[in-house]
Every structure is written in C-alpha cells, then in structure tokens.
Amino acid sequence: MRLLVFQHSAGEPPAAFGAHALAAGDSVEIVRLFAGDTIPSFEAFDALLVMGGPMDVWEETAHPWLAGEKTAIGDWVQSGNPFLGICLGHQLLAEALGGKCAPMAKPEIAVSDVSLANVIGDPLLSALPSRFAALHWHGVEVVLPPTGATILGASENCANQVMRVGPKAWGVQFHPELEPGTVTQWMRDPANVACASEWLGSEQAAWDFVRAAEAQASHFVARSAALYAAFRALA
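This one's a predicted model, so the numbers in the text were calculated from it and none came from an experiment.

1. Observations regarding the sheet that holds strand 6 (residues 131-144)
- Read across the sheet, 9 strands follow the order 2-1-3-4-9-8-7-5-6 without closing on themselves; strand pairing throughout is mixed. With partners counted over all chains shown, the strands left at the sheet margins are strand 2 (27-32) and strand 6, one partner each. With strand direction ignored, the average angle separating the axes of adjacent strands in the sheet is 25°.

2. Quick notes on the packing of helix 5 (residues 190-200) against helix 6 (residues 203-215)
- Look at helix 5 against helix 6: their axes get within 7 Å of each other, and the N-to-C directions meet at 105°. Classed by the angle they form, the pair helix 5 and helix 6 counts as roughly perpendicular. Where helix 5 abuts helix 6, its residues Val193, Ala196, Ser197 and Leu200 lie against Glu203, Ala205, Ala206, Trp207 and Phe209.
- For the contact of helix 5 with helix 6, the class distribution of residues is 7 nonpolar, 1 polar and 1 charged.

3. Quick notes on the side chain of Asp122
- Along the chain, the position of Asp122 falls in the loop between strand 5 (100-116) and strand 6.
- Among the polar contacts made by the side chain of Asp122, one reaches the main-chain amide nitrogen of Leu125 at a distance of 2.7 Å.
- Within the local environment of Asp122, its side chain forms a polar contact with the side chain of Arg164, the two groups lying 2.9 Å apart.
- Other than its neighbours up to four places away in sequence, Asp122 contacts Leu152, Arg164 and Trp170.

Basis of the calculations
- Residues numbered from 1 in each chain as written.
- Predicted model: local features only at pLDDT ≥ 70, side-chain atom pairs only at ≥ 80, totals over all residues.
- Heavy atoms only, no water.
- Pairing = 2+ DSSP bridges.
- Helix = DSSP H or I, 4+ residues; strand = E, 2+ residues; numbered from the N terminus.
- Axes fitted to C-alpha atoms, helices over the stretch in contact; angles between N-to-C directions.
- Parallel < 35°, antiparallel > 145°, perpendicular 65-115°, else oblique.
- Contact = heavy atoms within 4.5 Å.
- Nonpolar A, V, L, I, M, F, W, Y, C, P; charged D, E, K, R; others polar.
- Polar contact = N/O pair within 3.5 Å; in protein donor to acceptor, adjacent residues only side chain to side chain.

Listed below in structure tokens is the structure:
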C-alpha cells in the first residue's frame, strides 16, 4: 500500500503507524504541512492518514495551509479512498465535509475508556474491542457531524470520539498512534507541559498523566497494529 500522511507539527509524527507500515512493506510519504510541504497529486497513493496537532481546526490565519488541507481532505473522501483522521485529523474531516467543531466546556486530557457502538461488521472498527483505554488530549470537539456521518464511539467527556463518513472515511478523537516514549517526547516541549499542567491543575498531575500513558503503551501499540491491518485491507 502507498500511504500518504499529513503531519501538522514536528512533535506529532505517525509514530506506531509508521512502524506498522514499514513492517507491512508499505511506502509512506509524509507531507509536513507546518514546514511548507506541498500536498502531492493523489493518484500515487492508496490511503490517507491525517495526524493531530496543537493548532485549532479554525486557525487558518495563523496556519494558512489549513484551508487547502480541508479542501484536499474533502476531495480525497469524495473519491472513496480510505481515510483515517486522528484528533485534529478527526476535526478536519468533520469541517472539510460541512460539520462544525467548537471548544469543549472542559478539555479532555486523560487515559480513559472509549466505548464503541454499532461497529459489528465495520471494516475498520471491528478490529478493536468494544471498550478500551485510550489517550485523550484535546480542548476542541466535533459538535455538528457532517451530513450522513455515523457516530460510533464516545468517552465519558466527549460524545463524538469515533465517526464514520461514507464507506471508507473514519475520524477518531483519541490518539491510537502512540508507542512507548511518545507522550514523554511530547512533554519535552515546555508548551505541552504548561498546557497539561493548566488543564490538569498542576505539573505533578501532568506527569502522573504521562506515567499512566506510558503504562498503557504496549496495549496502544497492539491495538494500532490491528487497526492498521484493517485500514490497509481497505486499499
């Protein structure tokens, strides 16, 4: 499979999905939008993976490439090729197809459960258990899904954790791409430490969150391996 990846910040690469692609013998081209990379012609690719990022989905003035990315995502999904959006990528999927995102009353930053519903027979999500621990780090959520979207998963504080649009496009608000050390790497950025400390109430709570994430890392990798295998089977 020829995988195209949209990356929004230096600190949020495809991580475990890159390793799974390499193990499967797939090619991966990463478009680093934050660095000014141009989105290539889609004809050379079989599937699109859109990562998370620290910016908000509507910050097109600060990040002008967001506008072009939304157009590209809309074109890709309309073509019927496999799409998976993670965190910001989930929100971009919604807005690219006419949905709406908004700030949450309370940001969700935790390792907590996602519950799936009505996914029996779903070609992607049936690879996951009906309930599993996941890492969440977001202050924005999809409040109006695109027309025709189906909500397939929720967490305690976010009603739209998993969304499907059409036959081969999914968005997940949680972070399935994590591998050992990913969240620790995120916390090498002082801005992330400040954000986590503010949202959780203290720096001690922020580092407790990191330890909880790292304790689950091997489980995250096992689930992302199953998810990637199902994703590539769609191409």
